[in-house]
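Structural description and commentary
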Amino acid sequence: MTERRQFRAIKGTRDILPPDSALWNRFEQTAREVFESYNFGEIRLPIFEQTELFARSVGTDTDIVSKEMFTFPLSQEFEKSTQLEEGPEQRELVSLRPEATASVCRAYIEHNMQALPGNTKLYYMGPMFRRERPQKGRYRQFYQIGAEVLGQSDAPAIDAEVLEMLLVFFSRAGLTRTTLYINSIGDKNCRPQYVELLRQELQKVKDQLGADSQRRIETNPLRVLDSKVPSEQPIIEKLPRISDHLCDDCRAHFAKLKDELNLRGIQYEENWRLVRGLDYYTRTTFEVIAEGLGSQNAVCGGGRYDGLVELLGGPPTKGIGFAIGTDRSILSIEETGNAPAPDGLSVYVAWMGLASYPTAVWITRKLRDAGLTVELPPEEMKFKKSLGLADKLGARYALILGEDEVASRTFTLKRLADAEQKKLTEAELLEYLESERRR
Ligand code: AMP
């Protein structure tokens, strides 16, 4: 007997089914429209890259790189057997991307984009992979929509415009109950001194901290500020704050950013503990949280990363960007009741008698060309059964096509909500449905 095995999606991955997928498409489409209105262009990136790219940019001490990446070697045997050109890089380890900023910077360098006029403004969307403990709002394959500005300028107006674009997008996508948190974490001139001070202060209270925070005193003291452990909160509140230790340039940059946000009517809250988990950030960091999500409530994170391109072997370049978590954004839109009703099925073509079938095929094509969603049953059905199915599928109208209609070159349109019927010519039918569609 053959074993009957039921295949299931791997833990931490999931299928997005209709009608949810329509909401996803609309969310992504809105991002395209808003980002393109700010003159961003789409970049489509590979799903996997050299592991070293992520190690160098995201940072080897981060959870993402140290334990969450899906990494595999590109086997030499395979390369030989498929006659691919062999280069040293093909034997290196590769990882499924845990985020996309590193890839955008790699592409910026590879395609010499610094030679392009003005700032390079790119957006991307797609799946990311992290081996995290799955829970609601946290998956191993999740989706991000991100945008990056790379170039020679670090003007605070760039940061402000990026934040404006982000919030315009969220509000247009129906994600309205959000809070924007901002912070500045300094740059290479002032951050190291602050981190050292923080380390010293943390040493003094080490005994009162949990194992994770104790470890981070050595590896990455800033990350202690991220801690959600309740007993650590009163201790963290008393630690020195970066805002009191910024150098003059960083302080001026942050002050100007706040002016720019006020100018644009953008509401924000300052959060000195917002350091973000990735190593490459400098100066501006930000996060957006949304309602209806419980503990996994961050829907977007981002910040400035001047110097990252250089770190990856490119020319001196300033950069800023963000990544929106699509899974959580959609959850929040659904849970706060802001999800638009899907358009659904407009017309079900209930044809009867083989003589009406050619007309049914042809009118279906015409209605679809006019932008309507139309279902044409592939086999003849009894009238009652056909209308019953139209109802179950949630169609708004049934277009009844029997011998009478074919003989009189008309169509009977039945509105399923109230059973109102009209006899219409083809021109009248198209005009009527077109005006209904626009309503
Ligand atoms: P990060 O790249 O960690 O700054 O994440 C940016 C955004 O991506 C977060 O605010 C989340 O909305 C989303 N995100 C990050 N990790 C996950 C995950 N494992 N599952 C779902 N969404 C995630």
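Attention here is on the structure that accompanies the text. Here the structure is a predicted model, which means the values were calculated and not measured. (Residues numbered from 1 in each chain as written. Predicted model: local features only at pLDDT ≥ 70, side-chain atom pairs only at ≥ 80, totals over all residues. Heavy atoms only, no water.)

A closer look at the overall build of the protein chain
If you tally the helices and strands in the protein chain, you get 16 helices and 16 strands. Whereas a compact globule of 439 residues would reach a radius of gyration of roughly 22 Å, the protein chain reaches 28 Å, over 25% beyond that. For the protein chain, the spread of C-alpha atoms along the principal axes amounts to about 90 × 60 × 50 Å. Burial statistics for the protein chain: of 439 residues in total, 48% are counted as buried. Contacts spanning at least 24 positions in sequence make up 71% of the contacts within the protein chain whose residues lie at least 6 apart. Total accessible area computed for the protein chain in this model is approximately 22900 Å², and 50% of it derives from carbon and sulfur atoms. (Helix = DSSP H or I, 4+ residues; strand = E, 2+ residues; numbered from the N terminus. Rg over C-alpha atoms; globule rule 2.2 N^0.38 Å. Buried < 20%, exposed > 50% of the residue type's maximum accessible area, 1.4 Å probe, protein only. Contact = heavy atoms within 4.5 Å. Areas by Shrake-Rupley, 256 points an atom, 1.4 Å probe, with all protein chains shown as cover.)

What to know about the environment of Leu116
Structurally, the position occupied by Leu116 is in the loop between α5 (101-110) and β5 (120-129). Since its relative accessible area comes to 46%, Leu116 is described here as partly exposed. For Leu116 and Gly151, which are 35 residues apart along the polypeptide, the C-alpha to C-alpha distance reads 9.3 Å.

Thoughts on the pairing of strand β7 (residues 178-184)
As paired strands, β7 and strand β9 (residues 282-290) are joined by seven bridges and run antiparallel to one another. Bridged to Ser184 within β9 is Thr284. Pairing of β7 with strand β8 (residues 269-270), which is carried by two bridges, proceeds in the parallel orientation. Bridge assignment links Tyr181 to a residue of β8, and that residue is Glu269. (Pairing = 2+ DSSP bridges.)

Notes on the sheet that holds strand β2 (residues 48-50)
What the three strands build is an open sheet, ordered β2-β4-β3; its pairing is antiparallel. In this open sheet, the two strands that pair with only one neighbour each are β2 and β3 (71-73). Averaged over all neighbouring strand pairs, the angle between strand axes comes to 35°, with direction disregarded. Here β2 runs beside strand β4 (residues 93-96); their pairing, made up of three bridges, is antiparallel. Across the sheet, residue Phe48 finds its bridge partner in β4, namely Leu96. Running over the sheet, helix α2 (residues 51-58) touches β2, β3 and β4 and is turned about 75° from β2. (Axes fitted to C-alpha atoms, helices over the stretch in contact; angles between N-to-C directions.)

A few points about the pairing of strand β15 (residues 411-415)
In terms of burial, β15 is largely enclosed, as four of its five residues are buried. As paired elements, β15 and strand β16 (residues 420-424) share five bridges and run antiparallel to each other. The residue bridging Arg415 from the neighbouring strand is Glu420, located in β16. Counting the residues between successive antiparallel strands, the hairpin from β15 to β16 contains four residues, one of them, Ala419, with a positive phi of roughly 65°.

A closer look at the layout of surface pockets
Which parts of space are left empty comes out when a probe the size of a water molecule is rolled across the atoms. Roughly 810 Å³ of volume is contained in the second largest pocket. Around the second largest pocket sit 35 residues that line it, and Lys188, Arg191, Tyr281, Thr282 and Asp306 are the ones nearest its centre. Elements with a contribution of two residues or more to the lining of the second largest pocket: α2, α7 (191-204), β9 and α11 (308-311). Each residue belonging to the lining of the second largest pocket can be placed in one class, and the counts come to 12 nonpolar, 10 polar and 13 charged. (1 Å grid on protein atoms, 1.4 Å probe; cavity = no way out; pocket = protein on both sides within 12 Å on 5 of 7 lines; lining within 4 Å. Points joined across faces, edges and corners; volume = space filled by probe spheres on them. Nonpolar A, V, L, I, M, F, W, Y, C, P; charged D, E, K, R; others polar.)

Observations concerning the packing of helix α1 (residues 20-37) against helix α12 (residues 326-335)
The interhelical angle for the contact between α1 and α12, taken along N-to-C directions, is 110°, at an axis separation of 11 Å. Here α1 is positioned roughly perpendicular relative to α12, judged by the angle of their axes. Crossing of α1 against α12: the hand is right-handed. Seen from α1, the contacting residues are Asp20, Leu23, Trp24 and Phe27; seen from α12, they are Thr326, Asp327, Ser329, Ile330, Ile333 and Glu334. When the residues that make up the contact of α1 with α12 are grouped by side-chain class, the tally is five nonpolar, two polar and three charged. (Parallel < 35°, antiparallel > 145°, perpendicular 65-115°, else oblique. Left-handed = near helix turned anticlockwise from the far one by under 90°.)

Some words on the site of the ligand
Residues in contact with the ligand amount to 14 residues; listed here are only the nearest, Arg130, Glu132, Tyr139, Arg276 and Ala298. Take Arg130: an N or O atom from its side chain is 2.8 Å from an oxygen atom of the ligand. Relative to its unbound accessible surface of 480 Å², the ligand loses 92% to contact with the protein. Taken together, the elements giving at least two residues each to the shell around the ligand come down to β6 (141-151), β10 (298-304) and β11 (318-325). (Near = heavy atom within 4 Å. Polar contact = N/O pair within 3.5 Å; in protein donor to acceptor, adjacent residues only side chain to side chain.)

Examining the packing of helix α13 (residues 357-369) against helix α16 (residues 426-438)
Interaxial distance between α13 and α16 falls to 11 Å at its minimum, and their mutual angle equals 35°. Crossing geometry of α13 relative to α16 is assigned as right-handed. The residues of α16 that touch α13, namely those facing Trp362, Ile363, Lys366 and Leu367, are Glu426, Leu429, Leu430 and Leu433.

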